[in-house]
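An overview of the molecular structure
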Amino acid sequence: MIAGIRDAAHAVEAATVMRLLPDRPRLLALGEPTHGEDRLLDVRNALFRQLVEQEGYRTIAIESDCMAGLLVDDYVTSGAGDLDEVMARGFSHQWGAFPGNRELVRWMRAYNDGRPASAQLRFAGFDGPLEITHAASPRQALTALHAYLTTRADAELLPCAADTLDDLLGADEQWTDPAAMTDASASVGRTPEAARLRLIADDLVTLLDAQLPQLVAASTPEEWDRARLYGRTATGLLRYHAAMADPSPSRMARLLALRDAMMAANLLAVAERGPALVNAHNSHLQRDRSTMRMGGHPVRWWSAGAIVSAHLGRGYAFLATAVGTIRHQGVDTPPPDTVEGLLYALPQECHLVDAHLLAATLATTTPPARVSPWFGYAPLDPTHLADIDGIVFVRDARSQPQDPPA
C-alpha cells in the first residue's frame, strides 16, 4: 500500500496542483485542519505566491470578517494606513497577530507596488462579522448601504431616513452581548425594532436590483462591489441575530448554516471578479456536509464549500491540508491506520497528494483507514476523499516558523 500512496504524492507546487485538476478553477480553496500554526501558514503563503505569479490568480480570500477586510484590501492596493493598525483592525478572530498572515499582507503590498489597478492582487475577508463570543451589530453595513443609496438612488424610494435607522439600531452593545450566544432570551434579534430593520434591509437590497442601471452608471466598479457587500452583510447579520433569539433545539444548526451561507455568498461575489485563492478551515471548504457535536448532540449543516461547489461545479476546487504531528499542542505521531498515519510513513516533510488516487488505494485495504482520534485539530475523514481534489500534507507543524518550500 505504501508504494501506491507514494505514487500519489508530489511536490507542493502550483504546476502540480494544476495537473491534479480537470480545469483551471475560478475558486481554488486551500483548507487547514487547525488555525494559527506557523508552518501551515508558511506552506500556504509559498503556494499562493506561486499560484499568483504563475497561474494569474488575482484575489486572496481569507476566513476573516468581510467588512474589516476592506482595510486590508485598501492597504495592499494603495498602501493606505499603517501595517500594524491594518493587522490589528483588518482581521477578525485575532488572526492579524499570526506572523504568517502579516507576511502575506506584506508580500501582497510589495507585489502590488507600481502595478496598475487592473493587474493588482486583491484581498478579501469572506467570513461574516462574527466571533465565537458574539455577532457584530448590523450598524456598519446597514448605514453604509443606506449612505450609498442616498447619494445615487431616487430619494423617494428609500424606505426610511438615516436617523430612523439610528433609532431602530439603538446601542451597539445590545447586539454584541456575549450572553446571546448561549441564551436566546438575551438576544435582541427578534424585537420589534429588529424585525423592522430586517424589512428595511430587504427593501434597501431590493433597491440595488431595481435601480441597477442607474447605480452602476453612478458608481465605480469598486463602489458597486462594496455596496453589494454591505447589502449581503446587513441582511446576513440580521438573519443571524434573529436565529440567535430562537430558543428551539435547531438554534445552533441554524446559526452554523447561516454563517456558512454568508461565507458562500461572499465567495461567489469574489469569484465574479476573477480567479481567486481561498484559505479557511477544512470544514468550511469541504464538499461534504459538515458535522460536529454540541451539548452532546450531533449538528449538521452544509459548508460554504459545498454551497459554492453546487453553484460553480468544476469552477471550484478544494485542497485539504492534513498534519502528521503538532507536538507543541500534544498531537503526537498519528495512528498508522488513519489517513494522516499512512501519509506520515512517507519520507517527505511536505507533499501534495492526489486524493482520488489515495481513495482508490485505500479502497483495497481491510480494514479501511479510520478517522484519527486526536483532539485539537480536525483530522481527515477517509470517506470524504472522493470529494477532495488534493491533500497538502505537512508531516510536522513545528512550533517555530520554518523556511517555506521552494
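First, a word on scope: everything that follows refers to the structure included in this document.

Reading the values: the criteria
- What you see as residue numbers is a count from 1 along each chain, following the sequence as written.
- Per-residue local features are limited, in this predicted model, to residues with pLDDT of at least 70; the limit for side-chain atom pairs, both in listing and counting, is 80 or more; totals at the level of whole chains, interfaces and linings are taken over all residues.
- Only hydrogens and water are removed before side-chain values are computed, so all heavy atoms of the structure are retained for them.
- Per the convention used, a helix needs a DSSP run of H or I reaching at least four residues, while a strand needs a run of E reaching at least two, with both numbered from the N terminus.
- To get the radius of gyration, use the C-alpha atoms; to get the globule rule, take the number of residues to the power 0.38 and multiply by 2.2 Å.
- A simple rule labels every residue: compare its accessible area, found with a 1.4 Å probe on the protein chains alone, to the largest value its type can have, and call it buried under 20%, exposed over 50%, or partly exposed in between.
- Contacts are residue-level and defined by heavy atoms, with any inter-residue pair within 4.5 Å sufficient.
- Accessible surface area values rest on a Shrake-Rupley calculation with a 1.4 Å probe, where residue burial reflects the displayed protein chains alone.
- The charged-residue count follows a simple rule in which Lys and Arg add positive charge and Asp and Glu add negative charge, with His and chain termini not counted at all.
- Charge positions are represented by NZ for Lys, CZ for Arg, CG for Asp and CD for Glu.
- By definition, two strands form a pair when at least two bridges between them are found by DSSP.
- For this analysis, a polar contact is any N or O atom pair within 3.5 Å, provided that within protein one partner can donate a hydrogen and the other can accept it, and provided that sequence-adjacent residues contribute only side-chain to side-chain pairs.
- Each salt bridge in this description consists of a side-chain nitrogen of Lys or Arg and a carboxyl oxygen of Asp or Glu lying within 4 Å of one another.
- Helix axes are fitted only over the stretch in contact, all axes being lines through C-alpha atoms; the angle between N-to-C directions runs from 0 to 180 degrees.
- Every angle not falling under 35 degrees, over 145, or within 65 to 115 is termed oblique; those three ranges are roughly parallel, roughly antiparallel and roughly perpendicular.
- Whether a crossing is left-handed or right-handed is set by the direction in which the near helix is turned from the far one by less than a right angle, anticlockwise for left-handed and clockwise for right-handed.

**Details of the overall build of the protein chain**
- If you tally the helices and strands in the protein chain, you get 17 helices and ten strands.
- Taking 22 Å as the expected radius of gyration for a compact globule of 406 residues, we find that the protein chain reaches 22 Å, a close match to that expectation.
- Reported as C-alpha extents along the three principal axes, the dimensions of the protein chain are approximately 70 × 55 × 35 Å.
- The buried share among the 406 residues of the protein chain stands at 55%.
- Sequence separation of 24 or more characterises 78% of the internal contacts of the protein chain that already satisfy a separation of 6 or more.
- When the accessible surface of the protein chain is split by element, carbon and sulfur atoms take 54% of a total near 17200 Å².
- Charged side chains of the protein chain number 36 positive and 50 negative; the gap between the two group centres comes to 4 Å.

**Structural notes on the pairing of strand 8 (residues 316–325)**
- Buried residues dominate strand 8, accounting for ten of its ten residues.
- Taken together, the four bridges between strand 2 (residues 27–32) and strand 8 define a ladder with parallel strand orientation. Looking at strand 8, one finds that Leu30 is bridged to Leu319.
- The sheet contact formed by strand 8 and strand 10 (residues 390–396) spans six bridges and is parallel. Bridge pairing links Thr325 to Asp396 in strand 10.

**Overview of the environment of Leu277**
- Note on placement: Leu277 falls in strand 5 (residues 276–281).
- It is 22 Å that separates the C-alpha atoms of Leu277 and Ala257, two residues lying 20 residues apart in sequence.
- In contact with Leu277, other than residues within four places in its own chain, are Leu28, Phe48, Leu51, Val52, Tyr57, Thr59, Ile60 and Ala61.

**Quick word on helix 4 (residues 69–78)**
- Of all ten residues that make up helix 4, seven are buried, and the element is covered over most of its length.
- Inspection of helix 4 places Gly69, Leu70, Val72, Asp73, Tyr75, Val76 and Thr77 among the buried residues, and these make up the whole buried set.

**Notes on unusual backbone geometry**
- A positive phi is found at His93, a non-glycine position, where the angle reads about 60 degrees.
- By the element assignment, His93 lies in the loop between helix 5 (83–89) and helix 6 (99–112).
- Located in the positive-phi region is Gln94, a residue other than glycine, with phi close to 65 degrees.
- With respect to the secondary-structure elements, Gln94 resides in the loop between helix 5 and helix 6.
- Owing to a relative accessible area of 70%, Gln94 belongs among the exposed residues under this scheme.

**Quick notes on the environment of Arg89**
- Along the chain, Arg89 falls in helix 5.
- Residues in contact with Arg89, not counting those within four places in the same chain, are Ala68 and Leu71.
- Of the polar contacts made by the side chain of Arg89, one reaches the side chain of Glu85; its length is 2.8 Å.

**Things to note about the pattern of salt bridges**
- Per the stated rule, a full pass over the model turns up 20 salt bridges.
- Between Asp113 and Arg109 there is a salt bridge, with the nearest N and O atoms lying 3.7 Å from each other.
- Classification of Asp113 as exposed rests on a relative accessible area of 56%.
- A salt bridge links Arg327 to Asp332; the shortest N-O distance between them is 2.3 Å.

**Things to note about the packing of helix 7 (residues 139–152) against helix 12 (residues 221–244)**
- Look at helix 7 against helix 12: their axes get within 8 Å of each other, and the N-to-C directions meet at 135 degrees. By the angle class used here, helix 7 and helix 12 are oblique. The way helix 7 lies across helix 12 gives a crossing that is left-handed. Here helix 7 contributes Ala141, Leu142, Ala144, Leu145, Tyr148 and Arg152 to the contact with helix 12, which in turn contributes Glu223, Trp224, Ala227, Tyr230, Gly231, Thr233 and Ala234.

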